[in-house]
Amino acid sequence: MGPEDCEAESLESFFPTDEDIDKWMSSAFDMAREALENGEVPVGCLMVYKDEVVGKGRNEVNETKNATRHAEMVAVDQVLDWCRCSGLDVRSVCERTVLYVTVEPCIMCAAALRLINLPVVVYGCRNERFGGCGSVLDVSSAHLPQTGTTFKCVSGHRAEEAVEMLKTFYKQENPNGHLNSHLF
Amino acid sequence: MEPQMKRWKGSVYDADSWVAYPVLSDEQSQDVELIEAFAAPIVNKKETSRLVRELNSLYPLNGFQHIKRVRACKEKGSPHPLEVLVCLISDVPDMKEVSIDSLLPSDGVKPDGLGEPFVVKVPARPPLTRPQFELASQHWPTSFHEDKLVTVALRGELFTPTQKATMHMYMMSALTAAKAGKELGMEAVGAVVVDPEMERIVAVGHDCRGDHPLHHAVMVCIDLVARSQGSGCFCFDSYPACRFTPLTANTSQNVSDSDAGSRPYICTGYDLYVTREPCVMCAMALVHSRIGRVFYGTASLDGALGTKYKIHSQKDLNHRFEVYKGVLSKPCEDLNISDDHDKKDSGQ
Ligand SMILES: [Zn+2]
Ligand SMILES: [Zn+2]
């Protein structure tokens, strides 16, 4: 058996089932709704390794004044901490971790997820303005040999709901209808 | 600035040893696309203005206003001095046998003074740069609204010697940081964020991915800029070459955005100097941070500001910025070369 067969088989064995997706996306949506109720960007995301949440994130751009603190980036940091605490190798954990997020990761986050060798991303709605998994650029599957590994996407889970939350948020943020675009 | 200039003269670190070229958008740098059209000789010059007027109303060149209707004949001794563009081939899609009579319906344009039509190629889009204009004009006369700054920039002459000396100094800081990072076993990449109005270094960083796979030099700098404004979320204190200048009352007084500390886009108006072209993550992080301009030394294989993508000029994104490459290109390139040497050495 060649190394490729090996890879394909192991990806298969931990690829999320419909049941996994329902369960974890429902947590991600709870996080997004909570964020919306607190006037924050309604994006929820979690990283799951062996049926355990090893990272969670919400947008922290405003409090850190660091425009790269998207929910996914915050969650990645938690995964790294979790690995350190558990004494596990970052790469071997990330290679078996799934990201569940209510909105398609942006171009930056998609590249970051490649760089940590994350294999699967499950997301709700498209991110028309910044999406890095096909909406603006397809970073997830592009040929970028020096930027980690490509990842698979499962999209569209409760997409309308995710869009509705974003619309509600933008209306609160900016009643004039001008989209405040720095926030996710 | 003067004494520093003298010190650098004659070495590879001379500001005359490099040229900064703009990294233009795809639209500005692509080849000239051509489409086919019918032209016809004007055998009777006196008919020219009538023909142009009537052709303009019969076959208006909608969306092709850059194409001139009439051209002077190239070859000397040509029996007719002028040629006129009758229509685009796409204007008459179903025409089987083309003659001047079939192209011009009897109630539209009187064919008096026109010879038989022939096919020419004309530029499909208005030229955006002088090189595109020169190429387009070889096919058919084309009008060009020249952006003089782009022309000067493409010649590598946008920056004055004084500006180049300043750019040189900032990139030297990035190089120094890159080497410090390399000493610590990181990738040899350094970056510097500058407030060009105040001529002040805001942050200096180097690659730290030995500690964190996403701490590329640019990401480190973005967080250090946030720290300079009292926020940020990482501590790079164990890396002496990663530093920031706190924003004080003194340094912020000239900032027009009234209160720099509270502006949502932390890198607005700032320049970034980085030894090599940023990757996709870093390039998009610069979009999110609303960077002013980016200067890099050398291209990288997966680079996102010119090589694989041009994220700074990407359609649909809400922020665009200028990018220049080639600043201190040789020493920036050498950072990678010596990396390879090290690997070879350690392999022996
Ligand atoms: Zn993102
Ligand atoms: Zn990078």
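In this text the structure is predicted, and so the values were computed from the model without any measurement. (Residues numbered from 1 in each chain as written. Chains lettered and ligands numbered in written order. Predicted model: local features only at pLDDT ≥ 70, side-chain atom pairs only at ≥ 80, totals over all residues. Heavy atoms only, no water.)

Caption draft 1: Looking closely at the coordination of the zinc ion (ligand 2). All names here are of chain B. At 2.0 to 2.3 Å from the zinc ion (ligand 2) lie its protein donor atoms, namely His216 (ND1), Cys279 (SG) and Cys282 (SG). Considered as a linear motif, the donors of the zinc ion (ligand 2) on their single chain read H-x62-C-x2-C. Linking His216 in the loop between strand E7 (200-206) and helix H8 (217-228) with Cys279 in the loop between strand E9 (271-276) and helix H10 (280-288), this pair joins segments that are 63 residues apart in sequence. With relative accessibility at 6%, the residue His216 sits in the buried group. Looking at Cys279, the relative accessible area reads 14%, which means it is buried. (Donors = N, O, S within 2.8 Å, 3.2 Å for Na, K, Ca; no water. Helix = DSSP H or I, 4+ residues; strand = E, 2+ residues; numbered from the N terminus. Buried < 20%, exposed > 50% of the residue type's maximum accessible area, 1.4 Å probe, protein only.)

Caption draft 2: Broad picture of the pairing of strand E3 (residues 97-103) of chain A. All names here are of chain A. Along E3, seven of the seven residues are buried, which leaves the element largely enclosed by surrounding structure. As paired elements, strand E1 (residues 45-49) and E3 share five bridges and run antiparallel to each other. Within E3, the position partnered with Cys45 by the bridge is Val101. Here E3 runs beside strand E4 (residues 120-125); their pairing, made up of five bridges, is parallel. Bridge pairing in E4 links Val101 to Tyr123. Each parallel crossover has a hand, and the one from E3 via helix H6 (residues 107-115) to E4 is right-handed. (Pairing = 2+ DSSP bridges. Right-handed = clockwise from strand over helix to strand, strands pointing away.)

Caption draft 3: Spatial organisation of the packing of aromatic side chains. Counted according to the given criterion, the structure contains nine aromatic pairs over all chains. Here Tyr170(B) and Tyr273(B) contribute two aromatic rings whose centre-to-centre distance is 5.3 Å and whose plane-to-plane angle is 50°, an arrangement assigned as tilted. Of this pair, Tyr170(B) sits in helix H7 (residues 161-183) while Tyr273(B) sits in strand E9, and the two are 103 residues apart along the sequence. The interplanar angle of 20° and the centroid separation of 5.5 Å between the aromatic rings of Phe295(B) and Tyr324(B) together place this pair among those described as stacked. Pair noted here: Phe295(B) is in strand E10 (residues 293-298) and Tyr324(B) is in strand E11 (residues 322-325), with a separation of 29 residues, a long-range link. Residue Phe295(B) is classed as buried on the basis of its relative accessible area, which comes to 0%. With a relative accessible area of 5%, Tyr324(B) lands in the buried category. What links up through ring pairs into an aromatic cluster is the set Phe159(B), Tyr170(B), Tyr273(B), Phe295(B) and Tyr324(B). Over the ring of Phe29(A) we find Arg158(A), and its NZ or CZ is 4.3 Å from the ring centre. Between the NZ or CZ atom of Lys164(B) and the centre of the ring of Trp18(B), over which it lies, the distance is 4.4 Å. (Phe/Tyr/Trp six-rings, centres within 6.5 Å; stacked < 30°, edge-to-face > 60°. Lys NZ or Arg CZ within 6 Å of the ring centre and 35° of its normal.)

Caption draft 4: Structural context of the side chain of Glu72(A). For Glu72(A), the location among the structural elements is in helix H4 (residues 71-86). Buried charge without a partner: Glu72(A) forms no salt bridge, and the closest opposite charge is Arg69(A), 10 Å away. (Lys, Arg positive; Asp, Glu negative; His and termini not counted. Salt bridge = Lys/Arg side-chain N within 4 Å of Asp/Glu carboxyl O.)

Caption draft 5: Representation of the confidence of the model for chain A within the structure. With 87% of its residues at a pLDDT of 70 or more, chain A has an overall mean of 89. Counted against residues more than four places away or in other chains, residues 177-184 of chain A, with its pLDDT under 50, gives 29 contacts. (pLDDT = per-residue confidence, 0-100. Contact = heavy atoms within 4.5 Å.)

Caption draft 6: Geometry of the sheet that holds E10(B). Residue and element names in this part refer to chain B. Strand order in the open sheet formed by seven strands is E1-E11-E10-E9-E6-E7-E8, and the pairing between neighbours is mixed. Each edge of the sheet is formed by a strand with only one pairing partner; in this case those strands are strand E1 (21-22) and strand E8 (243-244). The strands that H8 touches are strand E6 (190-195), E7, E8 and E9; relative to E7, the one it contacts most, it runs at about 135°. (Axes fitted to C-alpha atoms, helices over the stretch in contact; angles between N-to-C directions.)

Caption draft 7: Quick peek at the interface of chain A and chain B. Taken together, the contact pairs 36 residues of chain A with 35 residues of chain B. With both chains or domains summed, chain A and chain B bury close to 2,800 Å², and 67% of this area falls on carbon and sulfur atoms. Where chain A touches chain B, the interface holds zero salt bridges. At the junction of chain A and chain B, the tally comes to seven residue pairs in polar contact (both at pLDDT 80 or more). Elements with a minimum of two residues in the side of chain A that touches chain B: helix H3 (61-64), H4 and H6 of chain A. (Buried area = accessible area lost by both parts, 1.4 Å probe. Polar contact = N/O pair within 3.5 Å; in protein donor to acceptor, adjacent residues only side chain to side chain.)

Caption draft 8: Spotlight on the pattern of salt bridges. Residues and elements named next belong to chain B. For the structure on display, the rule yields 25 salt bridges over all chains. Residues Asp334 and Lys330 are paired through a salt bridge, measuring 3.0 Å at the closest nitrogen-oxygen approach. Of this pair, Asp334 and Lys330 both sit in helix H11 (residues 329-347), four residues apart, roughly one helical turn. Judged by relative accessible area, which is 29%, Asp334 ranks as partly exposed. Each member of the salt-bridge network shares a partner with another, and the members are Glu187, Asp207, Arg209 and Arg276.

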